[in-house]
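Residue strings, one per chain:
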Amino acid sequence: QGTLFGRNTAGGALRYTSRKPTNEFEGHVKASVGSFDRNDLVGTVNLPLTDTLATRLSYAKKHRDGYILRVVDGQYTGDDNSQAVRGQLRWQPNERLDVLFAADKVTTFDNGTGTTIPAYSTADLYPGALYTAAATPPPAVTALRRATAPGATTANFAAGSQAADFARYLATDQYSTYGGTPDRNNFRSKSASLAISYELSDSLTFKSMSGYSNNDQRMYQDWDRTPIVLF
């Protein structure tokens, strides 16, 4: 599997293969509804255009409101707003030649993954670097550190007792967080491919595969889940 799909799949791989257009008319539609205003729609239709030409069109939409409240600004994370459309055109003029053109577009806009932090460790890298507890002599409480750690004192830095500062930002329940930086995940993708297959003989097939892909993703999330700018 590492040879076929890349070194990171040595422990297992899932491969998705889209159905190709056929010479039969068929299709399906699936809709789902749920809590937090969830509404999903998935549909596919296969259309034979001629005896040798067929097309297959697919569409998917997913929507769900967020379920983790950001206390600092009232926004919700964990929402889902995505759409995907895919079109395929297949030409089979004879039994030996098969030409398949496919194109797709995917867009996703949401407020980031819904996560909460139930506890903090003062030995972690970022809190330790912020408070510099091991510094000798202990650093002064500068204006910057007062802004990032409200209520901190020189004694806090000297003793490394920053636990109290972080404890105030623990979520009150499993559906709220005190994360400071607004979360965002914006993703756009479009691609096209052309696959040509020709059977030279019963035991030998020539294949040509060409493709184009363009992806743009902007994602940021306040993983430490405090108003302090740490990670």
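Residues numbered from 1 in each chain as written. Predicted model: local features only at pLDDT ≥ 70, side-chain atom pairs only at ≥ 80, totals over all residues. Heavy atoms only, no water.

Further remarks concern the overall build of the protein chain. Check the secondary structure of the protein chain and you find 5 helices and 10 strands. Intrachain contacts of the protein chain at a sequence separation of at least 6 include 59% that bridge at least 24 residues. Of the roughly 15000 Å² that the protein chain leaves accessible, carbon and sulfur atoms contribute 56%. (Helix = DSSP H or I, 4+ residues; strand = E, 2+ residues; numbered from the N terminus. Contact = heavy atoms within 4.5 Å. Areas by Shrake-Rupley, 256 points an atom, 1.4 Å probe, with all protein chains shown as cover.)

One open sheet accounts for 3 strands, arranged β5-β4-β8; its pairing is mixed. Edge strands, defined here as strands with exactly one partner in the open sheet, are β5 (76–77) and β8 (176–177). Note: strand β4 (residues 68–70) against β5, 2 bridges, orientation antiparallel. Note on β5: the bridge partner recorded for I68 is T77. (Pairing = 2+ DSSP bridges.)

Okay, the sheet that holds strand β1 (residues 26–34) next. Picture the strands of a sheet paired through backbone hydrogen bonds; they go either parallel or antiparallel. If you walk across this open sheet you meet the 7 strands as β1-β2-β3-β6-β7-β9-β10, and the pairing is antiparallel. Each edge of the sheet is formed by a strand with only one pairing partner; in this case those strands are β1 and β10 (204–220). Ignoring strand direction, the axes of neighbouring strands in this sheet form an average angle of 5°. One ladder, built from 12 bridges, connects strand β3 (residues 53–64) with strand β6 (residues 80–91); its direction is antiparallel. Note that in β6 the partner of A54 across the bridge is R90. (Axes fitted to C-alpha atoms, helices over the stretch in contact; angles between N-to-C directions.)

Within the secondary structure, G34 is located in strand β1. G34 sits 30 residues away from R64 along the chain, and the two C-alpha atoms are 8.4 Å apart.

Now for the side chain of D98. Mapped onto the secondary structure, D98 falls in strand β7 (residues 97–110). A polar contact is formed between the side chain of D98 and the side chain of R90, at a distance of 2.6 Å. Residue contacts for D98: discarding those within four places in its chain leaves R90, W91, Q92, A195, I196 and S197. (Polar contact = N/O pair within 3.5 Å; in protein donor to acceptor, adjacent residues only side chain to side chain.)

Attention shifts here to the pairing of β10. Across 17 bridges, the pairing between strand β9 (residues 184–201) and β10 is antiparallel. By the bridge assignment for β10, S191 is matched with S213. Between β9 and β10, which pair antiparallel and follow one another directly, the connecting turn spans 2 residues.

Examined against the element boundaries, I196 turns out to sit in strand β9. Residues I196 and F206, 10 residues apart in the sequence, show an inter-C-alpha distance of 8.1 Å.

Attention now goes to the pattern of salt bridges. Under the defined criterion, the tally for this structure stands at 9 salt bridges. Where D80 meets K62, a salt bridge forms, and the shortest distance between an N and an O atom there is 3.7 Å. Of this pair, D80 sits in strand β6 while K62 sits in strand β3, placing them 18 residues apart in sequence. A salt bridge links R90 to D98; the shortest N-O distance between them is 2.6 Å. Through salt bridges with shared partners, a single network forms among R70, D73, D183 and R225. (Salt bridge = Lys/Arg side-chain N within 4 Å of Asp/Glu carboxyl O.)

This next bit is on the confidence of the model for the protein chain. The predicted model of the protein chain averages 82 in pLDDT, with 72% of residues at 70 or higher. The model gives residues 133–144 a pLDDT under 50, and that stretch makes 16 contacts with residues more than four places away or in other chains. Contacts of residues 156–160 to residues separated by more than four positions or lying in other chains number 15 contacts, the stretch itself having pLDDT below 50. (pLDDT = per-residue confidence, 0-100.)

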